[in-house]
Amino acid sequence: MKDKLCLFLAMVMVVSLCAVPALAAYVPGSYTAQAAGYGDAVSVTVTVDETGIAAVVLDVSGETEAIGGAAAEALVQQILAAQSAEIDGVSGATVTSNAVKRALKEALNQAKGIEEGEKQPVSDGTYTGSAVGFGLRGMMKAEVTFKDNAIADIVIVEETDSLTGEWFANAEELLIPRIIENQSLAVDAITGATSSSNGIKNAVAAAIHEAGGDSNQWYTQISKRDDKVVLEGYDVVVVGMGGSGILSYCAAADQGASVFGIEAAGKIGGNSVCTYGPMALNSQYLKDTFNEGEDYINADDVYNTWIEYVGSEDKEDIIYKAVNNSGTSLDYYVENFGFEFEGMGLLGSFVVPEWTKLWCVFTGDDNNTSWNILGPNKTYQFLRALDIAKEMNEKNDYLTELTASTLIFDEEENIIGVNAEYYDGTQYEIYGESVILATGGFLGNDQMMTEYLGSVVNAMGVTVNDGTGIQMGKSAGGATYMMKTLPMVHISQVRNLIRNDDLTADQKAILSALALTMDQRMITNQGTSWGNQNQSGTTDEAITVDILFAPDYMYYVLYTQEDIDGIRANGLSAGQASANSMFLSQGGTLPEAGVAVADIDEILAVGQQYNNVIKADGIAALAQALNCDEAVLSATLDGVETSYYAVACTSYAYGTVGGLDVDANMNVLREDGTPIPNLFAVGQDSEGVCNVDGKAYTPWGGQAQSWTFVSGQIAGEQAAQLTREE
Ligand SMILES: Cc1cc2nc3c(=O)[nH]c(=O)nc-3n(C[C@H](O)[C@H](O)[C@H](O)COP(=O)(O)OP(=O)(O)OC[C@H]3O[C@@H](n4cnc5c(N)ncnc54)[C@H](O)[C@@H]3O)c2cc1C
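Before going into details, it helps to say that this report is about the structure given with it. What you see is a predicted model; the values in this text were computed from it and never measured.

The subject of this paragraph is the sheet that holds strand E5 (residues 125–131). Overall, antiparallel pairing links the three strands, which are arranged E5-E6-E7 in an open sheet. Both outer strands of the open sheet, E5 and strand E7 (150–158), are each paired with one neighbouring strand and no more. Averaged over all neighbouring strand pairs, the angle between strand axes comes to 25°, with direction disregarded. Note: strand E6 (residues 140–147) against E7, seven bridges, orientation antiparallel. Bridge pairing in E7 links Lys147 to Ala150. Where helix H3 (residues 167–182) meets the sheet, its contacts fall on E6 and E7, and the angle it forms with E7 comes to roughly 165°. Lying on the sheet, helix H4 (residues 194–210) is in contact with E5, E6 and E7; it crosses E5 at an angle near 130°.

Next comes the structure, spelled out in structure tokens:
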């Protein structure tokens with residue numbers, strides 16, 4: 001599954017069944033059509049023989065997993081049974097069901113040889129449409145101007161996506177001209193900004209309806225190019241231009257290498273531009289600027305704590321560098337590439353409270369006036385560094401919207417370059433002496449998540465990061481290391497964030513509080529008891545890292561009918577009224593404890609609709625709804641038979657940690673421990689070397705971003721040096 005700062009499932013169902021004999025109706029073959037769904041367009045591919053529907057494939061990957069995604073299988077069965085688009089649909093997933101029906105009708109029309117009809121006309125003028133984007137605090141509104149049955153202009157007049165970073169601006173800048181140029185909503189979402197892109201497309205679709213048109217007729221397919229571009233003669237090719245990729249790029253360029261960078265998203269920066277900042281020990285710059293020139297941390301303490309945490313000295317040389325290079329690397333990039341930091345100690349260490357100055361914070365743009373809820377806007381710092389690096393060699397360059405897929409090998413199985421595809425379909429072969437893998441881990445790859453971590457996790461980080469770098473490394477014989485280090489999670493929230501207006505912001509806050517409170521009975525999805533177990537070794541309860549130790553990284557907070565009646569009459573408890581959804585707050589205000597919540601039933605009903613709340617009358621019904629063992633659940637609940645409300649609380653991950661095995665030069669290692677000389681892995685593609693299976697990543701604050709600086713500098717310098725030696 002590709003892309004999105006968010007939280008969706010690629011759900012592709014293929015079911016074949018013998019067609020029910022009927023009159024010859026179709027030209028045999030497969031036909032595809034799309035229609036606007038809840039999140040993105042849904043796509044239906046129908047395979048017909050002369051008399052009926054033989055197979056249906058639904059792609060509802062843009063729909064909310066637990067609603068549209070879960071309905072997909074039922075919809076396929078209904079279509080095959082009905083042999084037409086005249087199906088009931090799935091209740092609770094009406095928008096997805098209707099979109100599937102419309103797309104299926106269009107695909108069947110194609111199969112009947114009926115030409116794509118004239119578009120229903122739209123009136124000239126400016127019309128408004130709203131849709132959900134990525135924004136947690138409100139919907140997106142577009143003003144669309146039509147002239148002569150064509151879209152003349154699109155202006156987004158309201159959105160809250162920008163509160164979480166610069167992705168929306170990227171989608172707005174790239175996508176809107178493409179919709180207008182192609183007069184089609186079938187243009188691809190901008191990689192890395194899928195939710196914002198879908199928001200724009202769906203808001204335009206709504207405006208088309210307002211103007212009297214039918215948006216389903218605006219999905220004209222866009223053909224891809226089949227050109228090929230060959231780029232040769234690079235010393236270093238960097239795959240992934242997030243933090244670690246850019247920092248590698250800069251260090252290699254600084255050593256005189258010619259460097260090409262490949263970035264899949266519409267903009268550079270990846271997760272690294274969402275952070276507060278890196279850990280840095282006794283950086284000269286930080287000491288001089290903020291600590292009167294004095295050391296501010298005992299490096300040996302940090303090193304020893306780290307070794308103790310991972311429980312092994314196997315990678316002691318690397319961990320030594322992770323600690324001791326963290327300050328010098330930061331200084332290197334400050335001095336040579338203009339990075340700036342706001343200060344230290346704005347956030348304390350999660351594990352060792354006295355390490356107050358461990359973590360420093362990037363300076364945001366506009367003199368720090370434009371912080372978003374995830375940290376300062378700092379893409380400009382990474383762009384500035386790239387500009388400096390590009391000037392170091394006239395051949396240096398990089399390209400966004402270019403997705404790397406595989407390594408290129410010569411006849412002796414040596415790595416000589418990288419294959420990639422541009423968003424318009426153009427194929428690229430980029431040749432270089434060394435390759436640095438910097439694709440940010442595998443959070444966006446459901447299969448790898450399930451294989452290594454047992455379950456998919458809701459994403460708060462970039463899901464373009466789908467394990468491509470790790471797969472590329474493995475294709476060259478590279479080994480992996482600590483792939484089962486738990487995903488990076490500091491935040492929990494309800495299972496499906498409700499981004500539309502079905503609840504007010506204050507009502508959403510109450511629903512979140514019901515999921516996040518620590519003073520209520522909690523159960524796992526296996527029916528066993530759960531509590532804040534403090535297994536993570538952290539000191540801060542609010543960060544709820546412990547959810548990582550619950551099966552499937554989630555649990556249910558359980559309320560009886562009596563509890564709910566109590567909230568309706570007497571309000572939230574003190575614990576519920578102080579529940580904190582941190583970065584994933586949706587902007588509402590919680591009532592004070594003890595203030596009656598008269599609309600609790602409405603909140604729970606909408607929660608049920610979005611699969612955040614499961615209501616069950618009695619233990620057997622609850623066990624069935626959770627798909628767990630009734631006897632286990634009954635024992636957990638002491639056999640108390642009543643109506644239960646189970647509110648799902650899930651973790652939201654920044655990214656994954658385990659990656660390729662590397663040595664202290666960031667060279668990827670084979671299973672036998674020998675290095676692959678011209679292949680390097682950095683950032684989350686190799687962060688397992690600092691961590692350990694079954695535990696959270698070393699949680700002392702800023703360590704992940706610090707690794708991008710340390711590993712980036714080492715890999716860039718080593719790759720450049722290798723070229724020089726050759
Ligand atoms: C919201 C948030 C807050 C965080 N806060 C902190 C913090 O304060 N301190 C801290 O230490 N850590 C923090 N982290 C974690 C930290 O940001 C990451 O560990 C670090 O940025 C990872 O850097 P990276 O270069 O490995 O990945 P990224 O910066 O994500 O870069 C990977 C890049 O590879 C690109 N890519 C992926 N696949 C391909 C492909 N096939 N072809 C081409 N390009 C590809 C992606 O688009 C992306 O640009 C935070 C993370 C998030 C999401």
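To continue, consider the pairing of strand E23 (residues 554–560). Most of E23 sits out of view: seven of its seven residues are buried. Neither face of E23 is open: one carries Met554, Tyr556, Leu558 and Thr560, the other Tyr555, Val557 and Tyr559, and all of them are buried. Direction of pairing for strand E21 (residues 522–523) relative to E23: antiparallel, over a ladder of two bridges. Across the sheet, residue Met522 finds its bridge partner in E23, namely Val557.

Moving on, we get to the pairing of strand E20 (residues 488–494). The buried fraction of E20 amounts to seven of the seven residues, a majority that puts the element mostly inside the structure. Across six bridges, the pairing between E20 and strand E25 (residues 643–655) is antiparallel. Bridging across to E25, Met488 finds its partner in Gly655.

Around the ligand, the structure places 38 residues, and the nearest of them are Ser244, Glu263, Ser272, Gln684 and Gln705. Between the ligand and Ala264 there is a distance of 3.1 Å, counted from a nitrogen atom to a backbone nitrogen or oxygen. In this structure, an oxygen atom belonging to the ligand sits 2.4 Å away from a side-chain N or O atom of Gln684. In isolation the ligand offers 1000 Å² of accessible surface; the protein chains occlude 99% of this area. Elements with a minimum of two residues in the shell around the ligand: helix H5 (243–254), strand E15 (402–409) and helix H19 (703–725). Ranked by the residues each element gives to the shell around the ligand, the list is headed by H19, at four residues.

Between its first and last C-alpha atoms H3 spans 22 Å; for 16 residues at 1.5 Å apiece the expected length is 22 Å, and the two agree. Of all bends in H3, the biggest is about 25°, found at Leu175, and the proline Pro177 comes one to four residues later. Considered for burial, the residues of H3 that qualify are Trp167, Phe168, Asn170, Ala171, Leu174, Leu175, Ile176, Arg178 and Ile179. Of the surrounding secondary structure, the elements contacted by the buried residues of H3 are E6, E7 and H4. Of the residues flanking the end of H3, it is Gln183, one or two places downstream, whose phi is positive at about 50°.

About the criteria used
- Along each chain, numbering runs from 1 in the same order as the chain's sequence is written.
- Per-residue local features are limited, in this predicted model, to residues with pLDDT of at least 70; the limit for side-chain atom pairs, both in listing and counting, is 80 or more; totals at the level of whole chains, interfaces and linings are taken over all residues.
- As a convention, hydrogens and water are excluded, and side-chain values are obtained from all of the structure's heavy atoms.
- Any two strands are treated as partners once DSSP identifies two or more bridges connecting them.
- Elements are defined by DSSP. Helices are runs of H or I of four residues or more, strands are runs of E of two residues or more, and each kind is numbered from the N terminus.
- Throughout, an axis means a line fitted to C-alpha atoms (over the contacting stretch in the case of helices), and angles, computed between N-to-C directions, take values from 0 to 180 degrees.
- Working rule for contacts: check all heavy atoms of both residues, and any pair within 4.5 Å makes them a contact.
- Burial here depends on accessible area, computed with a 1.4 Å probe over protein chains only, as a share of the maximum for the residue type. Under 20% is buried, over 50% is exposed, and the range in between is partly exposed.
- Whether a residue is near a molecule or strand depends on its heavy atoms: if one lies within 4 Å, it is near.
- Polar contacts here mean pairs of N or O atoms no more than 3.5 Å apart (in protein, one a potential hydrogen donor and the other a potential acceptor; neighbouring residues in sequence count only if both atoms are side-chain atoms).
- Using the Shrake-Rupley algorithm and a 1.4 Å probe, accessible areas are obtained, with residue cover drawn only from the displayed protein chains.
- Multiply 1.5 Å by the residue count of a helix minus one, and that product is the helix's expected span.
- Bend, at a single residue, is the angle you get between axes fitted to the 7 residues ending at that residue and the 7 residues starting at it.

Keep in mind that these numbers describe shape and distance, not what the molecule does.
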